[in-house]
Amino acid sequence: MAEFLRAGYYWIDLLIGLGAPLVLFALLRRGRIDRRTWRLFWFGAFLGLFWEVPVFVLSKHGPYPLITWVRDLPLHYSIFLLAHTLWDGALFVVGLWLVARLCRPPTLARFRWAELAVLVAWGQISSFAVEVSSVLNDAWVYTAGYWWNPTLLTLHGHPLTLWPQIPWLVAPVVFYVVATRRKTVVDP
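In short, a report on the structure. Within every chain, residues take consecutive numbers counted from 1 along the sequence as written. Restriction of local features to residues with pLDDT of at least 70 applies here, the model being predicted, together with a cutoff of 80 or more for giving and counting side-chain atom pairs; totals for whole chains, interfaces and linings are based on all residues. With hydrogens and water excluded, all non-hydrogen atoms of the structure serve as input to the side-chain values.

**Notes on the nonpolar core**
- Here, the term nonpolar core denotes a set of buried Ala, Val, Leu, Ile, Met, Phe, Trp, Tyr and Cys residues that are joined through side-chain atoms within 4.5 Å. Accessibility here uses a 1.4 Å probe with only protein chains present; expressed as a share of the type maximum, an area under 20% marks a residue as buried, one over 50% as exposed, and anything in between as partly exposed. W51, F92, V99, L108 and F175 are the most contacted members of the largest nonpolar core, which totals 19 residues.
- Secondary structure elements follow DSSP: runs of H or I of four or more residues count as helices, runs of E of two or more count as strands, with numbering from the N terminus. Only α2 (35–61), α3 (77–102), α4 (113–136) and α5 (167–181) provide two or more residues apiece to this core.
- Beyond its immediate stretch of four places on either side in the chain, V99 contacts T107, L108, E115, V118 and L119.
- Of all hydrophobic cores here, the second largest spans 16 residues; its members include L14, I67, Y77 and A139. Residues count as neighbours in contact if any of their non-hydrogen atoms are within 4.5 Å of one another.

In structure tokens form, the structure reads like this:
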């Protein structure tokens, strides 16, 4: 099973990322999510552009790559950039679901530290999990050695670094401020 995941890692990555809007649209059509959540998915994907574009473009064309592909991508990097922004939107929606499950209702009706803490914690956990999954499957690694991207620990012979945690520390705050300003209420 591990070899299957490793061999298909990039394809699974694309399937989840590109499939996320289709799954969410189906949930919207079935009334399982509301239009606000649908719009927040797209806002989350938009936020993802702020780190995904530099990560992919600088890694492919810049003198200081942010990531190094352990194995070559099977398709053009722009397709992965798109998929990862959609992944980001989906991760924000999962964060909304966690807020609805873990915080008292009504959620996202006004600023609450507990709700923000759930989104930030989820952002950190999901970012770390994505990096670990990539490292364990020899897909890509964040480039260590820059003063602003120190190695936090080493796993499977590859560094796990600080940089991927930074966007997922800042972006949930921006996302939460926008979500609460829109008076979006998400309850289980």
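**Thoughts on the packing of α2 against α5**
- To get an axis, a line is fitted to the C-alpha atoms, and for a helix only the part in contact is used. The angle between two axes follows their N-to-C directions and goes from 0 to 180 degrees. Close contact between α2 and α5 brings their axes to 11 Å; oriented N to C, the two are set at 145 degrees. Once α2 is placed against α5, the crossing between them reads as right-handed. Contacts between α2 and α5 pair L40, F43, G44, L47 and W51 from the former with P167, W168, A171, V174, F175, V178 and A179 from the latter.
- Of the residues in the contact of α2 with α5, the class split is eleven nonpolar, one polar and no charged. Take the far helix as your reference; a near helix turned counterclockwise from it by less than a right angle gives a left-handed crossing, and one turned clockwise gives a right-handed crossing. Here the term charged refers only to Asp, Glu, Lys and Arg, the term nonpolar to Ala, Val, Leu, Ile, Met, Phe, Trp, Tyr, Cys and Pro, and the term polar to all other amino acids, Gly among them.

**A few points about the pattern of salt bridges**
- The salt bridge definition used is simple: a Lys or Arg side-chain nitrogen within 4 Å of an Asp or Glu carboxyl oxygen. Applying the stated criterion across every chain yields a total of two salt bridges.
- One salt bridge connects D138 with R6, and the closest N-O pair in it is separated by 3.4 Å. Placement of the pair is D138 in the loop between α4 and β2 (140–142) and R6 in helix α1 (residues 2–29), with a sequence separation of 132 residues.
- When its relative accessible area of 14% is taken as the criterion, D138 is described as buried.
- Given the relative accessible area of 26%, R6 is considered partly exposed.

**Examining the packing of aromatic side chains**
- Two rings belonging to Phe, Tyr or Trp (six-membered ring only in the last case) form a pair when the distance between their centres is within 6.5 Å. Interplanar angles under 30 degrees mark stacking, angles over 60 mark edge-to-face geometry, and anything in between is tilted. Under the counting rule described, the total for this entry stands at 19 aromatic pairs.
- Where F41 meets W42, the ring centres are 4.8 Å apart and the plane angle is 70 degrees; that geometry is what we call edge-to-face.
- On the basis of relative accessible area, F41 is assigned to the buried category, the value being 0%.
- W42 gets classed as partly exposed once you look at its relative accessible area, which sits at 37%.
- Judged by centre distance (5.3 Å) and plane angle (70 degrees), the rings of W51 and W168 are edge-to-face.

**Considerations on a nonpolar patch on the surface**
- Like charges within 9 Å and nonpolar side chains (Val, Leu, Ile, Met, Phe, Trp, Tyr) within 5 Å are joined into patches, using only residues over 30% in relative accessible area that form no salt bridge. Accessibility throughout is a Shrake-Rupley quantity obtained with a 1.4 Å probe, and a residue counts as covered only by protein chains that appear here. Side chains of M1, F4, L5, I12 and I16 sit close together on the surface and give an oily, nonpolar patch of about 520 Å² of accessible area.
- Topologically, L5 is positioned in helix α1.

**Section: the pairing of strand β4 (residues 158–161)**
- The alternating pattern of β4 places H158 and L160 on one face and P159 and T161 on the opposite face, and all of these are buried.
- Two strands qualify as a pair provided that DSSP identifies no fewer than 2 bridges between them. Judged from the four bridges that link them, strand β3 (residues 151–155) and β4 form a sheet pairing that is antiparallel. For L153, the partnering residue across the bridge sits in β4 and is L160.
- In textbook terms, the turn of a hairpin is the stretch between consecutive antiparallel strands, and for β3 and β4 this stretch comprises two residues, one of which, H156, has a positive phi near 60 degrees.

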